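Letter by letter, the chains look like this.
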Amino acid sequence: AVREPILEPSKNDSAEAAAYVLGLPGHGPLIGLNTGAGGRWAYKQWTRAHQQTFLRLCTDAGLRVLLLGGPEEVETHKELLAAAAGRPVFDGGNHNSYGRFAALIDQCRVVVTSDSLAVHCAAARKVPAVVLFGPTSAAEIELYGRGSKIVPPGLDCLCCYLPRCDRVPHCQALIEPAVVLAAVQQWVAAAPSR
């Protein structure tokens, strides 16, 4: 049998994350958008333009979005929040401990992420993940039946593991926000509210 990862946030982290989310305005399902991907592969993360479009599509569809990221994503979050002004898009903070990060993921119905820490946190917390792949291997990531892998169409160079490349448009730019939203909506429909 496949052993699933285990990550238990502290009672305190869980309580604080739950209280934070309870205080957010609006009533739609909460979707986590993990905006970064670490520094090693430039094209592991989705483009800023696609992230902005995704936020617009999500909120138009009645969903709320929680931005998730680390210290490298402070500016990204400022830009995304400014572009989504007046919409139910919220900042989960950029300086969370692993436990607090996992506790925030726990509060989401679905998490959208690149192949990064958030995939493994979502798997451990049994939250469906919609995972966007580019230079790294979709085959090597296990979602335990809870989630979707989105691989850019029509590329023969995928899973290249190159830290950078000069292909235009690059792999992540080919993943359309509407395709990601459709996968999210499928999991929202399938996942009971948490």
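Fair warning: this is a prediction, and the values are worked out from it, not measured in the lab.

**Side note on the pattern of salt bridges**
- Tallied over the full model, the rule gives 8 salt bridges.
- Notably, a salt bridge pairs glutamate 79 with arginine 48, separated by 2.7 Å at the nearest N-O pair. Placement of the pair is glutamate 79 in helix 3 (residues 74-83) and arginine 48 in helix 2 (residues 48-60), with a sequence separation of 31 residues.
- Exposure remark for glutamate 79: the relative accessible area of 40% places this residue in the partly exposed category.
- With relative accessibility at 31%, the residue arginine 48 sits in the partly exposed group.
- One salt bridge in this structure joins aspartate 60 and arginine 87, with 2.8 Å as the shortest N-O distance. With aspartate 60 in helix 2 and arginine 87 in the loop between helix 3 and strand 3 (89-91), the pair connects residues that are 27 residues apart, well separated along the chain.

**Looking at the layout of surface pockets**
- Here the largest pocket defines a volume of roughly 270 Å³.
- Among the elements of the structure, helix 4 (98-106) and helix 5 (117-124) are those that each provide at least two residues to the lining of the largest pocket.

**Overview of empty space enclosed by the protein**
- Scanning the model with the defined rule gives 3 cavities of 30 Å³ or more in all.
- The space that makes up the largest cavity amounts to roughly 50 Å³.
- In terms of lining residues, the largest cavity is bounded by 13 residues, among which Asn34, Trp46, Thr113, Ser114 and Leu132 are the most central.
- For the lining of the largest cavity, the elements supplying multiple residues, two or more each, are strand 1 (30-34) and strand 4 (110-114).
- Of the residues forming the lining of the largest cavity, the biggest block, 3 residues, is contributed by strand 4.
- Looking at the lining of the largest cavity residue by residue, the class counts come to 4 nonpolar, 8 polar and 1 charged.

**Re the sheet that holds strand 4**
- Spatially, 6 strands are ordered 3-2-1-4-5-6 in an open sheet, and the strand pairing comes out parallel. At either margin of the open sheet sits one strand with a lone partner, and together these are strand 3 and strand 6 (147-150). Neighbouring strand axes in the sheet, compared pairwise and without regard to direction, differ in orientation by 20° on average.
- Packed onto the sheet, helix 4 meets strand 1, strand 2 (64-68) and strand 4 and runs at close to 165° relative to strand 2.
- Against the sheet, helix 6 (residues 177-190) contacts strand 1, strand 4, strand 5 (129-132) and strand 6, and its axis sits at roughly 170° relative to strand 6.

**Regarding the side chain of serine 116**
- Counting through the fold element by element, serine 116 comes out in the loop between strand 4 and helix 5.
- Of the polar contacts made by the side chain of serine 116, one reaches the side chain of asparagine 34; its length is 3.1 Å.
- Discounting residues that sit within four places of it in the chain, serine 116 has contacts with Asn34, Gly36 and Ala37.

**A word on helix 4**
- Across the 9 residues that make up helix 4, a large majority, 8, are buried.
- Along its buried surface, helix 4 packs onto helix 1 (11-22), strand 1, strand 2, strand 4 and helix 5.

Definitions and limits used
- Residues numbered from 1 in each chain as written.
- Predicted model: local features only at pLDDT ≥ 70, side-chain atom pairs only at ≥ 80, totals over all residues.
- Heavy atoms only, no water.
- Salt bridge = Lys/Arg side-chain N within 4 Å of Asp/Glu carboxyl O.
- Helix = DSSP H or I, 4+ residues; strand = E, 2+ residues; numbered from the N terminus.
- Buried < 20%, exposed > 50% of the residue type's maximum accessible area, 1.4 Å probe, protein only.
- 1 Å grid on protein atoms, 1.4 Å probe; cavity = no way out; pocket = protein on both sides within 12 Å on 5 of 7 lines; lining within 4 Å.
- Points joined across faces, edges and corners; volume = space filled by probe spheres on them.
- Nonpolar A, V, L, I, M, F, W, Y, C, P; charged D, E, K, R; others polar.
- Pairing = 2+ DSSP bridges.
- Axes fitted to C-alpha atoms, helices over the stretch in contact; angles between N-to-C directions.
- Contact = heavy atoms within 4.5 Å.
- Polar contact = N/O pair within 3.5 Å; in protein donor to acceptor, adjacent residues only side chain to side chain.

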